[in-house]
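# Descriptive analysis of the structure
Residue strings, one per chain:
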Amino acid sequence: MTALRAHSLRTIALRTRSYGTVQNPPTSPPWMSKIPPVLQEATTATAPRMNWTREEVKQIYETPLSLLTYASSTIHRAHHDPSAIQMCTLMNIKTGGCSEDCSYCAQSSRYNTGLKATKMSPVEDVLTAARNAKANGSTRFCMGAAWRDMRGRKTSLKNIKEMVSGVRGMGMEVCVTLGMIDEHQAKELKDAGLTAYNHNLDTSREYYPNVITTRSYDERLKTLGYVRDAGINVCSGGILGLGEEDVDRISLLHTVSSLPAHPESFPVNALVPIPGTPLGNRKMVPFEKLLRTIATARVVMPATIVRLAAGRISLSEEQQVQCFLAGANAVFTGEKMLTTDCNGWEEDRAMFERWGFYPMGSFERPGAGGAAEAAQGMKTETEAEGARVEATS
Ligand code: SF4
């Protein structure tokens, strides 16, 4: 008997029992029939499942929203501290001039968005930004570069590895998003101390060609495979509001939840329409779709960090809290999120305070990766600085 069923049956039994009478065998209330058995079973599962069928994901996604979010919240509490929200900061370390045609992106060189392309930021500037993010409460620092892939970028990779080690030395989780990478580059990044690699699938395999034509869905999955095989945590999510339908959101959720291992992180982005891009006139995805996607992600990937990502600035505080209650447990915070505006640290800390949330520590949960290294004494910034002084003296 599932937890939901047991709980509801106990409630009904208490309501219907008369003092001094024999208790009737309990029956399920009518609303229980609106919860598909697969969702009832998910509430008592003790380990993540990778063998979801698309039909099962569909049934979960289509559950009446109040019942779906109740179940996702129950699952969230079983796998995470429901008050802990991870604060991450995402810095663009190389802006614009990208050869790809992602039709939502301000950084594609194919669209006239008014964004000025820059060279890669110097290592020291990036480390200063990471220190600032840490001082403000972020425990994960992500770095993005507007590239198709890492081919022929030896010097850039060397600098990025320095950035990665430097940020890890501060005791922060560190993530990069650099486009497609191969197995050698994944290994080099892992050796530098990388916690996670972000490479979003964006949408369903079926809808994908409407959004991007310059690289295939399979190429994206290949990069995720290299990352996973190198022992780096996978961060891969979607963007809602690209013009996709429920069937596409279900398909995306099915794809990520039936990978050989669930991504450690699943970012849920709401499209921020950028004037000048082909999707510049799109309306914000309805909040109900965003919430439903978050709740379904929590059910099908119970141990994953579900990241409320781009577009959060357009949500009211109450809508954000609904997302946290349904299972989202990470936000991007700081001055900017790549090229778009972002909720700031102070604002987020005040919101957490009002609603009883607190910032999650680095490597605080199972699956974060690197916890063992942290426990084994990965060098802190102070220790690393000491070592540098020793080496040069
Ligand atoms: S690959 Fe990344 S930076 Fe380049 S256009 Fe696509 S989303 Fe933008």
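The protein chain is annotated in an unreviewed UniProt entry as biotin synthase from Aspergillus sclerotialis. Of the comments in the UniProt record for the protein chain, the one headed Pathway (unreviewed entry) reads "Cofactor biosynthesis; biotin biosynthesis; biotin from 7,8-diaminononanoate: step 2/2." The Sequence similarities (unreviewed entry) field of the UniProt record for the protein chain holds the comment "Belongs to the radical SAM superfamily. Biotin synthase family."

Helix and strand counts for the protein chain stand at 14 helices and 12 strands. Counting across all 393 residues of the protein chain, residues that qualify as buried make up 46%.

Our next topic: the site of the ligand. Around the ligand, the neighbouring residues are Cys98, Glu100, Cys102, Cys105, Gln107, Ser108, Ala146, Arg148 and Gly179. Taken together, the residues that form the shell around the ligand break down as four nonpolar, three polar and two charged.

This part takes up the packing of helix H3 (residues 54–61) against helix H10 (residues 287–300). At a minimum axis distance of 9 Å, the contact between H3 and H10 shows a crossing angle of 130°. Our classification of the angle between H3 and H10 gives oblique. Handedness of the crossing formed by H3 with H10: right-handed. Contacts between H3 and H10 involve Val57, Ile60 and Tyr61 on the former and, on the latter, Arg292, Thr296, Val299 and Val300. Here the contact of H3 with H10 is built from residues that sort into five nonpolar, one polar and one charged.

This part covers the environment of Gly169. Locating Gly169 in the fold gives a position in helix H6 (residues 154–169). C-alpha of Gly169 to C-alpha of Gly193: the two residues are 24 residues apart in sequence and 9.0 Å apart in space.

If you look at the biggest cluster of nonpolar residues, it comprises 99 residues, and the most contacted ones within it are Val176, Tyr197 and Ile294. With seven residues, the top contributor of residues to this core is H10. Once you skip the residues sitting within four places of it in the chain, Val176 turns out to touch Cys142, Met143, Ile160, Val164, Leu189, Leu194 and Tyr197.

All right, on to the packing of helix H9 (residues 246–257) against H10 then. At a minimum axis distance of 10 Å, the contact between H9 and H10 shows a crossing angle of 25°. Taken as axis vectors, H9 and H10 run roughly parallel relative to one another. For the element pair H9 and H10, the recorded crossing hand is right-handed. Residue-level inspection shows Arg249, Leu253 and Ser257 of H9 in contact with H10, the latter providing Lys289, Thr293, Thr296, Ala297 and Val300.

The UniProt feature table records "binding site: [4Fe-4S] cluster" (unreviewed entry) at Cys98, Cys102 and Cys105. Position of Cys98 among the secondary structure elements: in the loop between strand E1 (84–94) and helix H5 (123–135). Cys98 gets classed as buried once you count the C-beta atoms within 10 Å, which come to 21. Residues in contact with Cys98, not counting those within four places in the same chain, are Gln107, Ser108, Ser109, Ala146, Trp147 and Arg148. Here Cys102 lies in the loop between E1 and H5. In this view, Cys102 contacts Ser108, Val211 and Ile212; residues no more than four positions away in its chain are not counted.

Of the positions making up helix H11 (residues 317–326), those classed as buried are Gln320, Cys323, Phe324 and Ala326. Down the axis of H11, the buried set is contained in an arc of 165°. They therefore lie on one face. Elements in contact with the buried residues of H11: helix H4 (65–79), E1, H10 and strand E8 (305–308). Backbone geometry just after H11 places Gly327 at a positive phi near 130°.

The next subject is the UniProt feature "binding site: [2Fe-2S] cluster" (unreviewed entry) in the protein chain. Here the UniProt-annotated "binding site: [2Fe-2S] cluster" (unreviewed entry) positions come out as Cys142, Cys175, Cys235 and Arg307. In three dimensions, the annotated residues from a span of 166 residues occupy one location, with a maximal C-alpha spread of 13.4 Å. Mapped onto the fold, Cys175 is located in strand E3 (residues 173–177). Cys175 sits in the buried class, given 24 other C-beta atoms within 10 Å. Position of Cys235 relative to the elements: it lies in strand E5 (residues 233–235). With sequence-adjacent residues up to four places away left out, Cys235 is seen in contact with Cys175, Ala196, Tyr197, Asn198, Pro263, Glu264, Ser265 and Pro267.

Right, let's get into the confidence of the model for the protein chain. With 85% of its residues at a pLDDT of at least 70, the protein chain reaches an overall mean of 87. Note that residues 8–18 has pLDDT below 50 and, in this model, 10 contacts with residues that lie over four places away or in other chains. Counting contacts from residues 366–393, a segment whose pLDDT is below 50, to residues more than four positions away or on other chains yields 24 contacts.

Here we come to the pairing of strand E7 (residues 265–270). Among the six residues of E7, six are classified as buried, and the element is accordingly described as predominantly covered. Examined bridge by bridge, strand E6 (residues 238–240) and E7 share three bridges and lie parallel to one another. In the sheet register, Gly238 faces E7, and the bridge partner there is Val268. The handedness of the E6 to E7 crossover, carried by H9, is right-handed. By the bridge criterion, four bridges tie E7 to E8 in an arrangement that is parallel. Looking across to E8, one finds that Pro267 is bridged to Arg307. Handedness of the β-α-β unit built from E7, H10 and E8 comes out right-handed.

Definitions and limits used
Residues numbered from 1 in each chain as written. Predicted model: local features only at pLDDT ≥ 70, side-chain atom pairs only at ≥ 80, totals over all residues. UniProt positions renumbered as here; feature names shortened; annotations may be inferred. Helix = DSSP H or I, 4+ residues; strand = E, 2+ residues; numbered from the N terminus. Buried ≥ 20, exposed ≤ 12 C-beta atoms within 10 Å, placed from the backbone. Near = placed C-beta within 6 Å. Nonpolar A, V, L, I, M, F, W, Y, C, P; charged D, E, K, R; others polar. Axes fitted to C-alpha atoms, helices over the stretch in contact; angles between N-to-C directions. Parallel < 35°, antiparallel > 145°, perpendicular 65-115°, else oblique. Left-handed = near helix turned anticlockwise from the far one by under 90°. Contact = placed C-beta atoms within 7 Å. Core = buried A, V, L, I, M, F, W, Y, C linked by C-beta atoms within 7 Å. Arc of directions from axis to C-beta. pLDDT = per-residue confidence, 0-100. Pairing = 2+ DSSP bridges. Right-handed = clockwise from strand over helix to strand, strands pointing away.

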